[in-house]
Amino acid sequence: MFAKAFRVKSNTAIKGSDRRKLRADVTAAFTTLGTDQVNELIPGKEELSIVKLYTHKGDSVTVYASAGNPILFELEKNLYPTVYTLWSYPDLLPTFTTWPLVLEKLVGGADLMLPGLVVPPAGLPRVQKGDLCAVALVGNRAPVAIGVAAMSTAEMLAAGLKGRGFSLLHTYQDHLWQSGDKSSPPAIAPPVLDATDVSEEKVRGDMRALALQGEVEGNGEPHRLHGERPLPDASEDGSTGDPSQDLADSKSLQEQMDDLLQQCFLHALKCRVRKADLPLLTSTFLGSHMFSCCPEGQQLDIKKSSYKKLSKFLQHMQQEEIVQVKELSRGVESIVAVDWKHPRIASFIIPEPSPNPQTVQEGSREQPYHPPDVRAFYCVPTSMSLLFRESGHRKGSTLEASEVRATIIDYIKKNDLVDANNKNLVKLDPVLCDCILERNEQHTVLKLPWDSLLSRCFEKLQPAYQVTFPGQEPIVKKGKISPIDITLAQRSYNKKVTVVRNLEAYGLDPSSVASILQKRCQASTSVTAVPGVKDGLQVQIQGNQIHHLGQLLLVSAAWLISSND
């Protein structure tokens with residue numbers, strides 16, 4: 001949430017009544033704190049300020065700062081401690097442990113994945129889904145991050161410690177931490193394990209659950225999860241692999257699609273759907289909102305997820321009490337209620353666009369589309385050849401607009417055609433008369449303003465364009481390049497289709513575009529011949545898909561699209 005710089009709206013000293021209310025809120029939110037500890041955290045006389053800010057994603061956050069350090073922040077009426085507070089009260093939240101190398105990824109805005117957890121001998125802390133948790137590093141109990149559990153401990157173990165474990169809200173070294181004194185985490189020794197504190201049956205249960213996911217060594221070596229590299233021995237050079245790479249490699253295609261599905265679901269609810277939109281057809285929610293939230297370069301395909309169907313996925317989300325789905329008419333389901341205060345929505349951080357988008361695709365990786373370089377040119381016709389001959393251009397030569405202007409200006413100056421009494425006028429010699437004047441103007445028009453002369457010259461030239469595809473030789477064609485044409489056609493009283501033409505001119509394969517749109521819009525598509533156009537192809541998509549198509553093309557290329565409703 002604070003991985004990038006935020007914008008401060010206001011910074012004011014707290015009032016006495018607000019101070020008392022804050023103490024009450026802290027007592028209610030963190031029941032493990034005693035009265036003395038609450039008074040210590042929220043002192044009665046020391047200066048305490050309220051900072052209202054907007055994150056780089058637009059979330060409104062209230063931060064409470066004491067002695068220059070942020071100690072608490074409030075998001076959508078939920079109160080969270082900062083790392084500065086957790087260093088003073090390390091037992092305030094259930095704490096999970098990860099490797100030091102993972103911290104860099106967390107500071108960059110990544111969530112903590114379960115394969116990155118280190119399982120202590122006493123087992124993982126017992127939490128429920130949605131609980132606020134802290135994250136510490138191996139060898140130091142001082143928390144370096146806080147987040148919300150994406151599943152309960154039992155579910156983590158049942159899943160074999162695979163998948164997303166925690167949605168992180170704040171980390172050491174992020175911009176919220178930088179607004180304080182930028183101190184480093186104190187050294188807090190991990191708790192000494194007393195054999196009487198650990199139930200033998202509890203440890204055995206955790207080990208049995210872990211055995212479902214990976215081998216548990218019984219030869220005195222540290223317990224390791226499947227795919228996890230062992231820590232180096234103290235006698236070695238200390239070099240280790242990157243655990244964050246293991247987190248990505250350990251996920252199957254189905255798990256990646258499940259994560260993408262949940263990401264698009266939460267993204268759509270947080271940013272696109274409003275209370276006034278309800279009730280909202282589930283098909284509209286998927287087609288108009290979830291697919292629009294799919295990161296660039298990725299394709300959301302529910303059939304490749306473990307849910308297989310949208311209705312099954314929404315049932316799971318309803319069980320988590322995020323949304324409420326009802327069948328308002330026979331066979332048609334709608335989302336009728338959304339809990340926008342749910343921890344999963346409140347803690348969701350909108351992902352940054354990927355600079356190198358990758359498509360979730362089985363067996364291969366789809367290369368990102370690189371649009372062609374399209375440039376407008378002008379071709380010299382026979383009637384204009386005399387004007388351009390002095391500059392070395394012949395009939396059929398192609399020039400850019402800047403070259404045309406430079407050639408005309410150079411001709412006028414060389415032949416001393418600028419009016420001596422009015423520099424804004426150009427005298428017309430026989431060559432200019434023959435090139436740009438109509439027959440009835442030959443003996444009446446003797447001078448022209450600069451702008452009029454230049455515009456007449458451009459009108460007399462023939463339009464052309466050059467298309468250069470990456471890695472290929474430029475192609476020059478006469479005429480104007482046609483834009484991609486998107487038309488909404490009515491096929492019957494209640495049936496519409498979206499028709500797209502002229503994709504080939506920009507290096508886009510109609511069949512590939514149809515395949516992508518079929519998955520993104522969840523609608524039938526077809527590729528047919530364009531009536532009356534030789535070798536022309538058009539893509540037809542069922543329904544009004546202009547929004548999805550326009551968005552797909554705009555993120556893939558840098559050219560204009562004509563859209564006819």
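None of the values given here were measured: they were computed from a predicted structure.

1. Here we look at the overall build of the protein chain
Okay, step 1: From N to C terminus, the protein chain includes 18 helices and 24 strands.
Okay, step 2: Among the 565 residues that make up the protein chain, the fraction classed as buried is 43%.
Okay, step 3: When contacts within the protein chain are restricted to residue pairs at least 6 apart in sequence, those whose partners lie at least 24 apart make up 60%.
Okay, step 4: Carbon together with sulfur atoms contributes 50% to the accessible area of the protein chain, which is approximately 30100 Å² in total.

2. Considering the pairing of strand 6 (residues 95-98)
Okay, step 1: Side chains of strand 6 alternate between two faces, with Phe-96 and Thr-98 buried and Thr-95 and Thr-97 left unburied.
Okay, step 2: With 4 bridges joining them, strand 6 and strand 8 (residues 132-137) adopt parallel strand pairing. Of the residues in strand 8, the one forming a bridge with Thr-95 is Ala-134.

3. Structural notes on the packing of helix 9 (residues 253-271) against helix 11 (residues 310-319)
When two helices pack together, their arrangement is given by the angle between the helix axes and the distance between those axes.
Okay, step 1: At a minimum axis distance of 12 Å, the contact between helix 9 and helix 11 shows a crossing angle of 65°. Relative to helix 11, the crossing made by helix 9 is right-handed. Taken together, the residues of helix 11 that come into contact with helix 9 (itself represented by Leu-261, Gln-262 and Phe-265) are Phe-313, Leu-314 and Met-317.

4. Section: the side chain of His-170
Okay, step 1: Inspection of the secondary structure assignment puts His-170 in strand 10 (residues 164-171).
Okay, step 2: A polar side-chain atom of His-170 sits 2.8 Å from a polar atom in the side chain of Asp-174.
Okay, step 3: Residues contacting His-170, with those up to four places away along its chain left out, are Phe-2, Phe-73, Pro-81, Thr-82, Val-83, Val-144, Ala-145, Ile-146, Leu-176 and Trp-177.

5. A word on the packing of helix 14 (residues 401-414) against helix 16 (residues 450-460)
Okay, step 1: Where helix 14 meets helix 16, the axes come as close as 11 Å, and the angle between the chain directions of the two elements is 125°. In terms of axis orientation, helix 14 runs oblique to helix 16. In the crossing of helix 14 with helix 16, the sense of the turn from one axis to the other is right-handed. On the side of helix 14, the interface is formed by Ala-401, Val-404, Arg-405, Ile-408, Ile-409 and Ile-412, while helix 16 contributes Trp-450, Leu-453, Leu-454, Cys-457 and Phe-458.
Okay, step 2: When the residues that make up the contact of helix 14 with helix 16 are grouped by side-chain class, the tally is 10 nonpolar, no polar and 1 charged.

6. Re the sheet that holds strand 1 (residues 7-13)
Okay, step 1: Spatially, 1-2-3-4-5 is the arrangement adopted by the 5 strands of the open sheet, whose pairing is antiparallel. At either end of the open sheet lies a strand with only one pairing partner, and these are strand 1 and strand 5 (78-81). Across the sheet, the mean angle separating the axes of adjacent strands is 25° when strand polarity is ignored.
Okay, step 2: In the sheet, strand 3 (residues 60-66) pairs with strand 4 (residues 69-75) via 6 bridges, with the strands oriented antiparallel. Directly across from Val-63, in strand 4, lies its bridge partner Phe-73.

7. Describing unusual backbone geometry
Okay, step 1: Going from Leu-278 to Pro-279, the amide bond is cis rather than trans, its omega being -5°.
Okay, step 2: Structurally, Pro-279 is set in the loop between helix 9 and strand 11 (280-281).
Okay, step 3: For Glu-76, which is not glycine, the phi torsion reads 50° and is therefore positive.
Okay, step 4: Inspection of the secondary structure assignment puts Glu-76 in the loop between strand 4 and strand 5.
Okay, step 5: Accessibility expressed as a relative area gives 34% for Glu-76, which makes it partly exposed.

8. Quick word on the sheet that holds strand 9 (residues 140-149)
Okay, step 1: Ordered by their spatial adjacency, 5 strands build an open sheet running 6-8-9-10-7, and the pairing between neighbours is mixed. What marks the edges here is a single partner per strand, and that holds for strand 6 and strand 7 (112-113).
Okay, step 2: Bridge analysis of strand 7 against strand 10 gives 2 bridges, and the strand direction is antiparallel. Within strand 10, the position partnered with Leu-112 by the bridge is Phe-166.

9. Overview of the nonpolar core
When a protein is soluble and globular, its nonpolar side chains tend to lie buried together.
Okay, step 1: Counting 33 residues, the largest nonpolar core has Leu-22, Val-26, Phe-30, Leu-72 and Phe-73 as its most contacted members.
Okay, step 2: For this core, the secondary structure elements donating two or more residues are helix 1 (16-29), helix 2 (35-41), strand 2 (48-54), strand 3, strand 4, strand 5, strand 8 and strand 9.
Okay, step 3: Counting 32 residues, the second largest nonpolar core, distinct from the first, contains Leu-261, Leu-310, Val-325 and Val-338.

Rules and cut-offs
- Residues numbered from 1 in each chain as written.
- Predicted model: local features only at pLDDT ≥ 70, side-chain atom pairs only at ≥ 80, totals over all residues.
- Heavy atoms only, no water.
- Helix = DSSP H or I, 4+ residues; strand = E, 2+ residues; numbered from the N terminus.
- Buried < 20%, exposed > 50% of the residue type's maximum accessible area, 1.4 Å probe, protein only.
- Contact = heavy atoms within 4.5 Å.
- Areas by Shrake-Rupley, 256 points an atom, 1.4 Å probe, with all protein chains shown as cover.
- Pairing = 2+ DSSP bridges.
- Axes fitted to C-alpha atoms, helices over the stretch in contact; angles between N-to-C directions.
- Left-handed = near helix turned anticlockwise from the far one by under 90°.
- Polar contact = N/O pair within 3.5 Å; in protein donor to acceptor, adjacent residues only side chain to side chain.
- Parallel < 35°, antiparallel > 145°, perpendicular 65-115°, else oblique.
- Nonpolar A, V, L, I, M, F, W, Y, C, P; charged D, E, K, R; others polar.
- Core = buried A, V, L, I, M, F, W, Y, C linked by side-chain atoms within 4.5 Å.

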